[in-house]
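The residues making up each chain are set out below.
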Amino acid sequence: MDNGKPNRNKIRIDGKNGAMNEKNNLNENKSNPGNKNGLEYIDACSQEEVIGIMHPLVKEWFFGKFKDLSLTQLYGVKRIWDRKNILISAPTGGTKTLTAFLAILNYLVGLAVKDELENKIYCVYSSPLKALSNDIFVNLVKPLEEIKAIADSRGIKMQEIRVGLRTGDTTVYERAKMAKKVPHIFVTTPESLSITLTSPKFVENLRAVEFVIVDEIHAMANKRGVYLSLSLERLHEESLIEPVRIGLSATVAPIEEIARFLVGFNDGKDRGCLIAQVPLVKKVEIDLITPAEDILEAEDPENQKRLYKILDALIQENRTTLIFTNTRAATERVVHHLDLHFPDKYADLIGTHHSSMSKEKRFEIEEKLRNGELRVVVSSTSLELGIDIGSIDLVVLLRSPKGVARALQRIGRAGHMLHANPKGKFVVLDRDDLVECGVLMKDMIEKKIDDVSIPNNCLDVLAQQIYGMAISKIWNAEDMLKAIRRSYCYHNLSKEDFYDIVSYLAGDYALEQSYVYAKIWYDKESGQIGKRGKMARVIYMTNIGTIPEEGFISVELIAPAEKKGSGIGKIDEGFLERLKKGDIFVLGGKKYQFMYTRGMKAYVRGDVSRSPTVPSWFSEMLPLGFDVALDIARFRGLVKERMRNKGDCVNFIKDYLYVDSLAAENIYRYFKEQGRFSEIPDNRTMVVEKFKQDKEYLLFHSMFGRRVNDALARAYAYVAAKLRMRDVEMGINDNGFYLAGESLDETKILKAVSADKLEEVLKLAIEKTDVLKRRFRHCASRGLMILRSYKGRTKSVGKQQVHSHFLFHAVKKISEEFPILREARREVLEDVMDVKRAKNILKEIEDGRMKVKVIHVPLVSPFGLNLFVQGHADFIRIEDRIKFLKRMHELQMKVIGE
Amino acid sequence: MKINYIGKCLLIENAGKRILVIGDLHLGYGESLRESGVFMPGDLYSDIVKEMDNVFGVVEKVDEVVLLGDLKHEFGKIMRSEWKEVSDFLDYLNEKLNGDGKENVKMSRKIIIVKGNHDVITGIVTAKKGIEVVDYYIMDGVAFVHGDKDFAEIYDKKVKYWIMGHGHPAVRISDGVKEEKYKCFLVGKWKGKEIVVVPSFFSVNEGSDPRDFDLGLAWNFDLSKFNVVVVGEEKLSVLDFGKLGKIK
């Protein structure tokens, strides 16, 4: 086996200047070739090698349709045929799905011709997308029909190879049909897979599964992925043979972690996996557009016209354009404004596609795209995943996509046809966006992919899966734990955590009410676990899943009087949580002042003239990752060193970021202003600005990505609040965070947070925050503490919210260490925040590798402006209810006294 | 006539009688949650008893207890725990009032239950204890009602006070940044009557601020002119915050 590293010279991503950086240091430590703890990097096979294994019928069919095997197929097909676990990572626009199926079809056709096809499921295919039918038709059903036709014309007899689709949308009738005629290839979602695993009849069909395909595995670095990893182990447990695992991924890092996540562990040992990193052979053209001479002007909403002129020109130059924004609201806005600025021009030629649209609407847009009926589609994130959308000429990234992998994924949607080159353009909207997109583009060109992280030992998901396992059969607890630990996400699950969840599910915490609640029984003597209640399967089927339900809040006017009571639209719950009384926000192009909420309604005033205090896209904002943030900080440092000579500096920026002079000039000017006003923060200096407005502000220029900033912000805010025993406000974004309070002593505050105490401080700091309460609701629902659907009734999100509020307090009374509460804390600390990296930053500060420099400024500096105007994100509540009440009472008495 | 605020309760001293007034209790709420598939740990009932113990600890002798309605949570049905909790709670009150004397006959004079909108069938349980559920109760110029319905009798000239529950009044208090909600009494005047709206006794939530939400009372009170007496959550204290309309 040739284990030379993949030839990266084949990767040709060219920037505007066509430059290609040879110094590719980051890649080297990310993809060590050769065998490493059971992981092995592989190279492509030759065409002959792959053709050599192909059944004559499959060969005839394949080359009747395609000229050659694609590079992805050369990497994957033979290895799957050889029954090796394999992770195939290839840029989108590839032929991944067919690669995975080709070897399996080849095998099944061979059996079918020999009349040896059994009545069992040979292959399980899991995809996170529910709308699979089109892809499956293209990649499975049609090929099978065509192969059958060839066989017929040759007079070759062949058994029928059946494909079964089971998702949340599959009807009872279809399910019943499937139970009678077992499909050979079973196509499903992570959720439906785990439901089928609780069906004793259907499990019989899964006793000898030979292949498992996990598609879009790069999109599974979340609780849904954790959930799937356990379902795969449950499948493994039911299957008498060990199925080959095939993972299909877009460009992702760290690839070895994804590979381990795919295959899991066999009682502590790595199961082994081949890694195929398929290089991109197509040339990707990327470019960055600055919408105005002086980008500051472009930030002015009055000047938005220019932006839409640029978009219009781009759309006109290309046949089909796909515009990615980051949020649903922005998606709507772009469509609205294009129509406003170019009346009737785009009426039937423009489409919107985002995840809160109905399924039917989205299908319609996808279909129109495939048929080439649309000139432009605007999407948030929903078109990132691999739904076939036909051929796109240009992808426009409006605002930073916040990560290299995501940017590649989006641009990869262009040129989906085999031989077309993907084309992508960043269109930046403000100066922070300009710098960020510049660095992102550089990282893309230099192939530095940012890391994803997979959550570990999630107790809510565990509770759901243990319940599922108990429904399928009676287990010995220790065997169950063993099976769970085979999953990568639980391989170091502690015994205590496992038995805590068992005991929670067995109703131990519910005291005398346990008879109502217990979902499983656990017999300590025999060590056995089983389900409880006749309704178990129904409860399981109707309540599983890991994607939290987010509610939408109706917004209603309370003023002006003549419009009182009229509804003006909906905002999402996450956004509502960011609002405080008196905040001004924009909805549907108009300004409103938030007053209060009641259940699932928010009441606002319409008669406001002040500027918005909260941007409407805030809650949906994708977080900037750590790696890119550090690259931005490094870039800041490099520019800072070169500030003195303008010409050299601008040239440096041009070369370094692969951008044009206009962009470079704008960046230079931005940095210059910051340097003059305060100081340019960089990768070695964290600048902390102190200024006074209505309150005292400490603004930290911490360029470490949102999750690290979130952790640092809450820790500093907590100690600040503790010092004066008053609540402290804080604002957080990707570039930094601020604290605001009556009086902030920066020397004491900075000293009070240290690396070794960070976790301890944060645990206290998050205890009374909205984010913990919100995550608790998600965890309570995932962990089946709140059944969304029970006895035929479904709870609205509003009701779940009310219930979770009571639960939160009730649970704390029972035990501060209640497992689902613990999971909510873990989720906040490790998934919402990044405690580990925040700790490393603090260590760097402590050993002097990073300086903290406090600067007094009269008002917020240019680099801090976006953060400042965005408004607060949360409080650290320190003052207790009773004290607060007394203080307010004294105040009120003074008012009355006057 | 003297009205004393004892935490969430009132102690009315009138015509030589000491009457303890308790707001909406919603017994059985915990089980009702469990019935709908919510894992509600803990025991709301024993929390209520603990709080009542504190109240009885300071009020000394009580001649009568008036429950302002919504004794139980579910409307049309009675759940096992509701039956038990209502029954236990009445026994508890009886013991507090009469010591160990278990004579049901005398009890009816001591415990008065005003019918709430949730109390459609509460009477079935209380009848076992010999206690009647009444629409309203008038005692020496003080009328006790639940608050959801109006009755001609309470407009009698001799009636000077209306004491009611039902609204679950609470108030949001904010310093512009932080905001918290507290249970409160609303005290004011309407058509020559002195009105007291009593907060709910059950502790699952605070209740509603009338500035946000109509309390659903049967009369058109101008609540902005009512005084807000906030439940202090500590040693059964209360704090007068002045008129609701003047609270920011």
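Here the structure is a predicted model, which is why all the values come from computation and not from measurement. (Residues numbered from 1 in each chain as written. Chains lettered and ligands numbered in written order. Predicted model: local features only at pLDDT ≥ 70, side-chain atom pairs only at ≥ 80, totals over all residues.)

S.K.: I tried to follow the overall build of chain A on my own but got confused; where do I start?
M.R.: A count of helical and extended segments in chain A gives 35 helices and 34 strands. In chain A, which comprises 898 residues, the share counted as buried stands at 48%. Nonlocal contacts in chain A, meaning residues at least 24 apart in sequence, comprise 75% of its contacts between residues at least 6 apart. (Helix = DSSP H or I, 4+ residues; strand = E, 2+ residues; numbered from the N terminus. Buried ≥ 20, exposed ≤ 12 C-beta atoms within 10 Å, placed from the backbone. Contact = placed C-beta atoms within 7 Å.)

S.K.: I tried to follow the overall build of chain B on my own but got confused; where do I start?
M.R.: A count of helices and strands for chain B gives five helices and 14 strands. Its C-alpha atoms give chain B a radius of gyration of 17 Å, within 12% of the compact-globule value 18 Å for 248 residues. Projected onto its principal axes, the C-alpha positions of chain B cover 50 × 50 × 35 Å. For chain B, buried positions account for 44% of its 248 residues. Of all intrachain contacts in chain B linking residues separated by at least 6 positions in sequence, the fraction that spans at least 24 positions is 63%. (Rg over C-alpha atoms; globule rule 2.2 N^0.38 Å.)

S.K.: What should I look at first to understand helix 26 (residues 661-677) of chain A in this one?
M.R.: Think of an α-helix as 3.6 residues a turn; residues three or four steps apart then line up on the same face. With 17 residues, helix 26 of chain A extends 24 Å between its outermost C-alpha atoms, agreeing within 8% with the 24 Å of an ideal straight helix rising 1.5 Å per residue. When we look at burial in helix 26 of chain A, the residues that qualify are A:A663, A:A664, A:E665, A:N666, A:I667, A:Y668, A:Y670, A:F671 and A:Q674. (Expected span 1.5 Å × (residues − 1).)

S.K.: What's the story with the sheet that holds strand 2 (residues 9-14) of chain B in this structure? I'm lost.
M.R.: Pairing between the strands of a sheet is mediated by backbone hydrogen bonds and can be parallel or antiparallel. Read across the sheet, six strands follow the order 1-2-3-4-5-6 (chain B) without closing on themselves; strand pairing throughout is mixed. Only two strands of the sheet have a single partner each, and these edge strands are strand 1 (2-6) and strand 6 (133-134) of chain B. (Pairing = 2+ DSSP bridges.)

S.K.: It is not clear to me how unusual backbone geometry should be interpreted in this structure. Could you clarify?
M.R.: Only a minority of non-glycine residues have a phi that is not negative, and only a minority of peptide bonds are not trans. Residue and element names in this part refer to chain A. Here the amide bond leading from A253 into P254 is cis, since omega sits at -5°, within 30 degrees of zero. Topologically, P254 is positioned in the loop between strand 9 (244-249) and helix 11 (255-263). Note the cis peptide between A559 and P560, where omega equals 0°. Turning to its location among the elements, P560 is positioned in the loop between strand 22 (552-559) and strand 23 (567-572). You will see that N457, though not glycine, has its phi angle at about 50°, which is positive. In this fold, N457 is placed in the loop between helix 17 (431-445) and helix 18 (459-472). Phi is positive for Y658, which is not a glycine, with a value near 60°.

S.K.: Would you mind going over the packing of helix 17 of chain A against helix 26 of chain A with me for this structure?
M.R.: Relative orientation and spacing of two packed helices are given, respectively, by the angle between their axes and the distance between those axes. Residue and element names in this part refer to chain A. Across the interface, helix 17 lies against helix 26 with an axial gap of 10 Å and an inter-helix angle of 120°. Taken together, the axis directions place helix 17 and helix 26 in an arrangement best described as oblique. The handedness of the crossing between helix 17 and helix 26 is left-handed. Residue-level contacts link R431, L434, V435 and G438 of helix 17 to A663, N666, I667 and Y670 of helix 26. In terms of residue class, the contact of helix 17 with helix 26 is built from five nonpolar, two polar and one charged. (Axes fitted to C-alpha atoms, helices over the stretch in contact; angles between N-to-C directions. Parallel < 35°, antiparallel > 145°, perpendicular 65-115°, else oblique. Left-handed = near helix turned anticlockwise from the far one by under 90°. Nonpolar A, V, L, I, M, F, W, Y, C, P; charged D, E, K, R; others polar.)

S.K.: I'm lost on the packing of helix 30 (residues 770-782) of chain A against helix 31 (residues 797-814) of chain A in this one. Help?
M.R.: All names here are of chain A. Between helix 30 and helix 31, the least distance of the axes is 9 Å, while the angle of their chain directions is 100°. The angle between helix 30 and helix 31 places the two elements in the roughly perpendicular class. Between helix 30, through K773, F776, R777, A780 and S781, and helix 31, the contact on the second element is made entirely by Q800, Q801, S804, L807 and F808. Residue composition of the contact of helix 30 with helix 31, grouped by class: four nonpolar, four polar and two charged.

S.K.: Looking at this model, I keep getting lost on the interface of chain A and chain B. Mind explaining?
M.R.: Across the contact, 32 residues belong to chain A and 29 residues belong to chain B. Elements that contribute at least two residues to the side of chain A that touches chain B include exactly helix 21 (514-517), strand 25 (590-598), helix 31 and helix 35 (881-897) of chain A. By residue number, the principal contributor to the side of chain A that touches chain B is helix 35 of chain A, which donates eight residues. Looking at the side of chain A that touches chain B residue by residue, the classes come out as 21 nonpolar, four polar and seven charged.

S.K.: Just checking my understanding: could you explain the nonpolar core for this structure?
M.R.: When a protein is soluble and globular, its nonpolar side chains tend to lie buried together. Core analysis: the largest hydrophobic core is formed by 309 residues, its most contacted members being A:Y738 and B:V21. Looking at this core, you find at least three residues from each of domain 1 (8-14 + 32-277) and domain 2 (284-429) of chain A. In this view, A:Y738 contacts A:Y697, A:L698, A:L699, A:F700, A:M730, A:G731, A:L867 and A:F868; residues no more than four positions away in its chain are not counted. Judged by nonpolar contacts, the second largest core, of eleven residues, contains A:V555, A:L557, A:Y592 and A:Y603. (Core = buried A, V, L, I, M, F, W, Y, C linked by C-beta atoms within 7 Å. Domains from an automatic or database assignment.)

S.K.: What's the story with the sheet that holds strand 20 (residues 520-523) of chain A in this structure? I'm lost.
M.R.: Residues and elements named next belong to chain A. On the basis of which strands lie adjacent, the open sheet formed by three strands has the order 19-21-20 and antiparallel pairing. Every interior strand has two partners, whereas the edge strands, strand 19 (475-476) and strand 20, have only one. Note that strand 19 and strand 21 (residues 528-531) share two bridges and pair antiparallel. Paired with N476 across the strands is Q528, a residue of strand 21.

S.K.: I would appreciate a short explanation of the environment of A:S89 in the present structure.
M.R.: All names here are of chain A. With respect to the secondary-structure elements, S89 resides in strand 4 (residues 86-89). By the C-beta count within 10 Å, which is 27 here, S89 ends up buried. Sequence separation between S89 and P279 is 190 residues; the distance between their C-alpha atoms is 8.7 Å. Beyond its immediate stretch of four places on either side in the chain, S89 contacts S249, T251, V252, I255, A276, Q277 and V278.

S.K.: What am I meant to see in the pairing of strand 12 (residues 193-197) of chain B here?
M.R.: Both faces of the sheet carry side chains from a regular strand, because those side chains alternate between them. Residues and elements named next belong to chain B. Pairing geometry for strand 9 (residues 161-164) and strand 12, over four bridges, is parallel. Bridging from a neighbouring strand, W162 pairs with I195 of strand 12. Sheet topology places strand 11 (residues 179-190) next to strand 12; five bridges connect them, and they run antiparallel. Across the sheet, residue V187 finds its bridge partner in strand 12, namely V196.

S.K.: What is the right way to look at the confidence of the model for chain B in this model?
M.R.: Should the pLDDT be low somewhere, the predicted coordinates at that spot are not to be read in detail. Looking at chain B, the pLDDT average stands at 87 and 92% of residues meet or exceed 70. As scored by the predictor, the complex reaches a pTM of 0.83 and an ipTM of 0.83. (pLDDT = per-residue confidence, 0-100.)

S.K.: Before we go on, may I ask you to explain helix 3 (residues 80-98) of chain B in this structure?
M.R.: Counted at 1.5 Å a residue, the expected span for helix 3 of chain B with its 19 residues is 27 Å, and the 27 Å between its end C-alpha atoms agrees. Those residues of helix 3 of chain B that fall on the buried side of the exposure criterion are B:S81, B:E82, B:E85, B:V86, B:F89, B:L90, B:L93, B:N94 and B:L97.

S.K.: I keep staring at the environment of A:F66 and nothing clicks. Help me out?
M.R.: You can see A:F66 is positioned in the loop between helix 3 (56-65) and helix 4 (71-81). Each C-alpha atom of the pair A:F66 and A:S231 lies 36 Å from the other, and the pair is 165 residues apart in sequence.

S.K.: Even after reading the chapter, I still don't get the pairing of strand 21 of chain A, so can you show me in this structure?
M.R.: Residue and element names in this part refer to chain A. Here strand 21 shows a buried face lined by I529 and K531 and an unburied face lined by Q528 and G530. Looking at chain direction, strand 20 and strand 21 are connected through four bridges and run antiparallel. Bridge pairing in strand 21 links W521 to G530. In textbook terms, the turn of a hairpin is the stretch between consecutive antiparallel strands, and for strand 20 and strand 21 this stretch comprises four residues, one of which, G527, has a positive phi near 70°.

S.K.: Even after reading the chapter, I still don't get the environment of A:V376, so can you show me in this structure?
M.R.: Residues and elements named next belong to chain A. When you line up the elements, V376 lands in strand 16 (residues 376-379). A sequence separation of 19 residues divides V376 from V395, and the C-alpha atoms of the two residues are 9.8 Å apart. Those residues in contact with V376 that sit more than four places away from it in its chain are I315, T321, I323, Y346, L349 and I350.

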